[in-house]
Amino acid sequence: MTLPLFLQHLTNALSLGSLYALIAIGYTMVYGILRLINFAHGDVFMLGAYLAFYSVATFLLPWWAALLLAILLTAAFGVVLERVAYRPLRDSPRISVMISAIGASFLIENVGIVLFGGRPKGVTVPPVLDVKLDLGGVSVMSVSLLIPVLTFAVLGALVWIVQKTRTGMAMRAVSTDLDAARLQAIDVNRVISFTFGTGSLLAALGGIMWSYKYPQLNPLMGTMPGLKCFIAAVIGGIGSISGAVLGGFLLGAIELLTIAFLPTLTGYRDAFAFVLLILVLLVKPSGLLGGTQVEKV
Amino acid sequence: MALLETEQVTMRFGGLTALSDLAIRIEKDEIVGLIGPNGAGKTTAFNVITGMNRPTEGRVRFADENVTGLGRHQISRRGIARTFQNIRLFRELTVLENVLVGCHAAIAPGVFSSALHLPGYRRREREARDLAVSLLREVGLEGNASDLAVSLPYGKQRRLEIVRALATRPRLLLLDEPAAGMNPQESLELMHLIRRIRDRYGLTILLIEHHMQVVMGVCQRIYVLEYGETIAHGDPAAIQNDPKVIEAYLGAQ
Amino acid sequence: MSPVEGRRAHLLTAAAVVAFAVFLAVADRTFDAFTLRVLNLCGIYVVLALSLNLVNGFTGLFSLGHAGFMAVGAYTCALLSMTREQKELNFFLEPILPWLARVTVPFPLALLAGGVAAAILGFLIAAPALRLRDDYLAIATLGFAEIIRVILTNAQPVTNGALGLKGLPSFAGTGVVWACAAAAVLFMVLLVRSAYGRALKAVRDDEIAAAAMGIDVFRTKVVSFTVSSFMAGVGGALLGHVITTIDPRMFTFMLTFNILLVVVLGGIGSITGSVIGSFAVTILMEALRFLDGPLDLGFVRTDGRPGLRMVVFSALLMAVVLFRQRGLMGTREFSWSMLARAGLLPRAGRSGAAGGPHGAA
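Residues numbered from 1 in each chain as written. Chains lettered and ligands numbered in written order. Predicted model: local features only at pLDDT ≥ 70, side-chain atom pairs only at ≥ 80, totals over all residues.

Draft legend 1. Just the overall build of chain C, in detail. Counting secondary structure elements, chain C contains 16 helices and four strands. Rg of the C-alpha trace for chain C: 22 Å, near the compact-globule value of 21 Å for 361 residues, within the 12% margin. On the principal axes, the C-alpha backbone points of chain C span a range of 80 × 60 × 45 Å. For chain C, buried positions account for 49% of its 361 residues. Residue pairs at least 24 apart in sequence account for 79% of intrachain contacts in chain C once pairs closer than 6 positions are excluded. (Helix = DSSP H or I, 4+ residues; strand = E, 2+ residues; numbered from the N terminus. Rg over C-alpha atoms; globule rule 2.2 N^0.38 Å. Buried ≥ 20, exposed ≤ 12 C-beta atoms within 10 Å, placed from the backbone. Contact = placed C-beta atoms within 7 Å.)

Okay, structure coming up:
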């Protein structure tokens, strides 16, 4: 393992980690507010990628316009999803909402298969992101550099929103105690819609970036990343945005670096996340950055 | 020898001290009251005694045994039963089945002995049923045996919860606000019921209540809590005239 | 109208069972292979649905790891029941572990072993996982199932990895499948009506109160989970031997989803519901297969679009949970009285008129 090789792996880990982070944020935001594992989140990720693809392929938009359009449409979709699949069940037992989420996930995936076809589609990576850079013996695609930058920019923006704006304060209130927030005349529905919209927007962004880095689309592309990113959010501390980012980077790093040092384990790659999850749930269920939770009798 | 004794029990949740140096002592056959303004730590005391929370400091002794830190079901099997502030009946079970759950430890069903209806199991189940029916009769609920527990009116639900606790054949019964939401007539009947079951089933009773009439009428001794601390202790007359108690209640308004 | 109970109910039940057994015997001889397979698939789903319902419906735990237990059961049973020649045929990429190649046991034993293997795994998983809250339990069990799948895909010398095992001996005939289904139903009915069943439901309805009544909540959950895993293992083994090939790709979350659909549709917490649901979903699954192929509805024409069938099923699941959470049966069970009330039973011989000893109250 030479230094340049190690740096190569590290760069890959960084960019994969930031992709995971972008998606994990959406999970953690929704869970923080509704205590709901949005199983459909990974499929929203897929949707964003496909919308961008078709905007370019069918409607011939320039890539940046396609990206913008796709993330906005996906954000809207996220809002609609919440309205249709989750809001009616808000006062129902949690199992019902989870079943609805699972159903929604399968529905979106299979609608995707029907509409987009099961065969993978090739994405044309925008020229500016397709540049191969050579930094001191390490070759990096420009897209791999952009992704972490983008992630941190997004993180910064979100932290600012949550800490400094009224909406953010409302979000924090709702995630602490939904009923109390309602009593304080906070429009809980709007906060929840905003959360879903933002989370879905980020997932779409992640999906599009993912498709630039791994330019093959298929309707099931969101399943495994979706699960892994939820796990990343749990590892970092579910409900905490910085936790989601930390978890995402951690997971990306562990996944890629383990394979780098122990290539025989490549086949087990997908299992790492789950093993990590089980370890975290056993040792510190609230995650790395999460606080302890007390249940009142 | 006291039946129940808490030794300097302190319960802290993060930065909140719910109970501080609780030292309760209950003798056999007594009916003791635990009162105090909301948030005083009364239910927390119950939770510590019944093993739902492990005290941060201190010990709980029951019948001369240290029961601190035992599991909830173990404490139940040692003879401490309780009811809950917000009635916790089993929603999908009938009235009779709710009481039968109380007999669980007596039946001690294994998964296979139950499924196969082995003779030993069948006999114990029959005995449990007889007990359950007689308990229901005690509070006039035998006619409701096949109704869903949650379909009963509030007052009957409270009574059901009490006999369910009795089905565990406890020595010590903890009642958490049994008179909540009752009108004067019902409260009077409740007082009679409490005395009756104490005598008939050889119980010792610890009672949380806000209903002063019930507390003063039925308890032999009373502990008063405020913000987790014990501010007074004595018989009803002494408590009623204790200035600290009066201030705690008036001040809380 | 008086409820149908006691001896009359028992007689009716016995009659129904005999009738169904006769039907199965006839079907076994006369149905074509495809239809018979669908029928037997119904039976396997009965076992699987009941095993999921035991944990999710009756104990109130949200476990999503079923496919993992099925996989373990299927592989264990297959590896034990295949002959040496059958194994060697499969393991052409990398030879199977020598001692594994030599072992061949009679099918009933292999089936049992499959169940036991799954149960052991379930027990090991239960201990850590059941301390978690609902949603975390769901993800943890899902995680375990995925780990199992990945291990199965990579353990080439044991499981033949991604290639799977083909040409499984077809020991899982109609009789075996439906005997297992009947055993599962009988066991569940007896269990649910017993004191242990009461304890399960108490844990489901209110864990805190259950513990206060002397129920060892954790142990109850672990036992329930372990028994459920056993049944899932048997179900998985049966599935494998009816389809006669198994590979890790069969045991994904989608499989768990199918079983979940059956349970939700039929009613979480209802044995009858799971039985009815198993038939309904299995038959529907086959009947709607045409949706995945070329469609010609006159006004709409498509080439084969696989996935449309699953769209319908996902939408169905969501519709049930959004509009009729309790499913078909809720937590109620079938009783002959139900049929009588609906006027579907012939009156008892003696008194038909009102005012007689069995007349309306």
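Draft legend 2. Inspection of the overall build of chain A at higher detail. A tally of helices and strands in chain A yields eleven helices and four strands. Computed over its C-alpha atoms, the radius of gyration of chain A comes to 19 Å, within 12% of the 19 Å expected for a compact globule of 297 residues. Dimensions of chain A, computed from C-alpha atoms along their principal axes, come out at roughly 60 × 45 × 35 Å. By residue count, 49% of the 297 residues in chain A fall in the buried class. The long-range fraction of contacts in chain A, counting pairs at least 24 apart against all pairs at least 6 apart in sequence, stands at 74%.

Draft legend 3. Local environment of the environment of A:Cys229. Residue and element names in this part refer to chain A. Following the sequence through the fold, Cys229 ends up in helix α9 (residues 223–236). In this structure Cys229 comes out as buried when scored by C-beta crowding, with 31 C-beta atoms within 10 Å. Residues Cys229 and Val97, spaced 132 residues apart in sequence, show a C-alpha to C-alpha distance of 20 Å. Those residues within four positions of Cys229 in sequence are excluded, and the remaining contacts are Tyr20, Ile23, Ala24, Tyr27 and Gly248.

Draft legend 4. Quick look at the environment of A:Leu201. All names here are of chain A. Within the element layout of this structure, Leu201 appears in helix α8 (residues 188–213). Residue Leu201 is classed as buried on the basis of its C-beta count, with 24 C-beta atoms lying within 10 Å. Leave out the neighbours within four places in its chain, and Leu201 touches Ile71, Thr74 and Ala75.

Draft legend 5. Layout of the interface of chain C and chain B. Contact residues are listed per partner, giving 25 residues for chain C and 27 residues for chain B. The set of elements that each furnish at least two residues to the side of chain C that touches chain B consists of α9 (174–193), α10 (195–205), α11 (207–212) and α12 (217–243) of chain C. Considering only residue class, the side of chain C that touches chain B consists of 17 nonpolar, three polar and five charged. (Nonpolar A, V, L, I, M, F, W, Y, C, P; charged D, E, K, R; others polar.)

Draft legend 6. Looking closely at the interface of chain A and chain C. Taken residue by residue, the interface counts 35 residues in chain A and 32 residues in chain C. Within the residue set of the side of chain A that touches chain C, elements represented by two or more residues are α4 (94–116) and α11 (269–283) of chain A. Of all the elements, α4(A) adds the most residues to the side of chain A that touches chain C, at 15 residues. Looking at the side of chain A that touches chain C, its residues break down into 25 nonpolar, seven polar and three charged.

Draft legend 7. Spatial organisation of α11(A). With 15 residues, α11(A) extends 22 Å from end C-alpha to end C-alpha; this agrees with the ideal 21 Å at 1.5 Å per step. All of the buried residues in α11(A) are A:Phe272, A:Ala273, A:Phe274, A:Leu276, A:Leu277, A:Ile278, A:Val280 and A:Leu281. On its buried face, α11(A) sits against α9 and α10 (241–261) of chain A together with α7 (134–154) of chain C. (Expected span 1.5 Å × (residues − 1).)

Draft legend 8. How the structure looks around unusual backbone geometry. All names here are of chain B. Located in the positive-phi region is Ala108, a residue other than glycine, with phi close to 45°. Among the structural elements, Ala108 can be located in the loop between α4 (104–107) and α5 (111–115). Positive phi is not limited to glycine here, since His117 has a value of about 55°. Its location among the elements puts His117 in the loop between α5 and α6 (119–138).

Draft legend 9. Inspection of the sheet that holds strand β11 (residues 229–234) of chain B at higher detail. All names here are of chain B. Spatial strand order, β7-β8-β9-β4-β10-β11: six strands in an open sheet with mixed pairing. Of all strands in the sheet, those bounded by a partner on one side alone are β7 (80–82) and β11. Each strand axis lies, on average, 20° off the axis of its neighbour in the sheet, ignoring direction. The pairing of strand β10 (residues 221–226) with β11 spans five bridges and is antiparallel. Paired with Val224 across the bridge in β11 is Ala232. Of the strands in this sheet, β4 (31–35), β7, β8 (172–176), β9 (204–208) and β10 are in contact with helix α1 (residues 42–49), which crosses β8 at around 150°. (Pairing = 2+ DSSP bridges. Axes fitted to C-alpha atoms, helices over the stretch in contact; angles between N-to-C directions.)

Draft legend 10. Expanded view of the confidence of the model for chain C. All names here are of chain C. Scored by pLDDT, chain C comes out at a mean of 86, with 91% of its residues at no less than 70. Least confident of the elements in chain C is strand β4 (residues 301–302), whose mean pLDDT is 58; most confident is α12, at 95. This stretch, residues 349–361, has a pLDDT under 50; its non-local contacts, to residues over four places away or in other chains, come to eleven contacts. Overall fold confidence for the complex sits at a pTM of 0.89, while the interface term, ipTM, reaches 0.91. (pLDDT = per-residue confidence, 0-100.)

Draft legend 11. Layout of the packing of helix α1 (residues 3–34) of chain A against α10(A). Residues and elements named next belong to chain A. Look at α1 against α10: their axes get within 6 Å of each other, and the N-to-C directions meet at 145°. Here the hand of the crossing between α1 and α10 comes out right-handed. In terms of residue class, the contact of α1 with α10 is built from 17 nonpolar, nine polar and one charged. (Left-handed = near helix turned anticlockwise from the far one by under 90°.)

Draft legend 12. Looking closely at the nonpolar core. If you look at the biggest cluster of nonpolar residues, it comprises 279 residues, and the most contacted ones within it are A:Ile231, A:Leu277 and C:Val47. For this core, the leading source of residues is α1(A), giving 16 residues. Apart from residues no more than four positions distant in its own chain, A:Leu277 is found in contact with A:Ile231, A:Val234, A:Ile235, C:Ile139, C:Ala140 and C:Gly143. (Core = buried A, V, L, I, M, F, W, Y, C linked by C-beta atoms within 7 Å.)

Draft legend 13. Fine view of the pairing of β9(B). All names here are of chain B. For β9, the buried fraction is high: five of the five residues fall into the buried class. The side-chain alternation of β9 yields two buried faces, one formed by Thr204, Leu206 and Ile208 and the other by Ile205 and Leu207. The pairing of β8 with β9 spans five bridges and is parallel. The residue of β9 that forms the bridge with Leu174 is Leu206.

Draft legend 14. Representation of the domain arrangement of chain C. Domain annotation of chain C identifies domain 1 (1–30) and domain 2 (35–251). Using C-alpha coordinates to define each centre, domain 1 of chain C is positioned 29 Å away from domain 2 of chain C. (Domains from an automatic or database assignment.)

Draft legend 15. Region of the structure containing the pairing of β10(B). Residues and elements named next belong to chain B. β10 sits mainly inside the fold: five of its six residues count as buried. Pairing analysis gives four bridges linking β4 to β10, with the strands arranged parallel. Bridge pairing in β10 places Gly33 opposite Ile222. Counting the residues between successive antiparallel strands, the hairpin from β10 to β11 contains two residues, one of them, Tyr227, with a positive phi of roughly 50°.

Draft legend 16. Layout of the packing of helix α6 (residues 107–129) of chain C against α12(C). Residue and element names in this part refer to chain C. Relative orientation of the contacting elements α6 and α12 amounts to 145°, with a least axis distance of 7 Å. Between α6 and α12 the crossing geometry is right-handed. Judged by residue contacts, Leu111, Gly114, Gly115, Val116, Ala117, Ala118, Ala119, Leu121, Gly122, Phe123, Ala126 and Ala127 of α6 engage Val222, Phe225, Thr226, Ser228, Ser229, Phe230, Ala232, Gly233, Val234, Gly236 and Ala237 from α12. Across the contact of α6 with α12, the residue classes break down as 15 nonpolar, eight polar and no charged.

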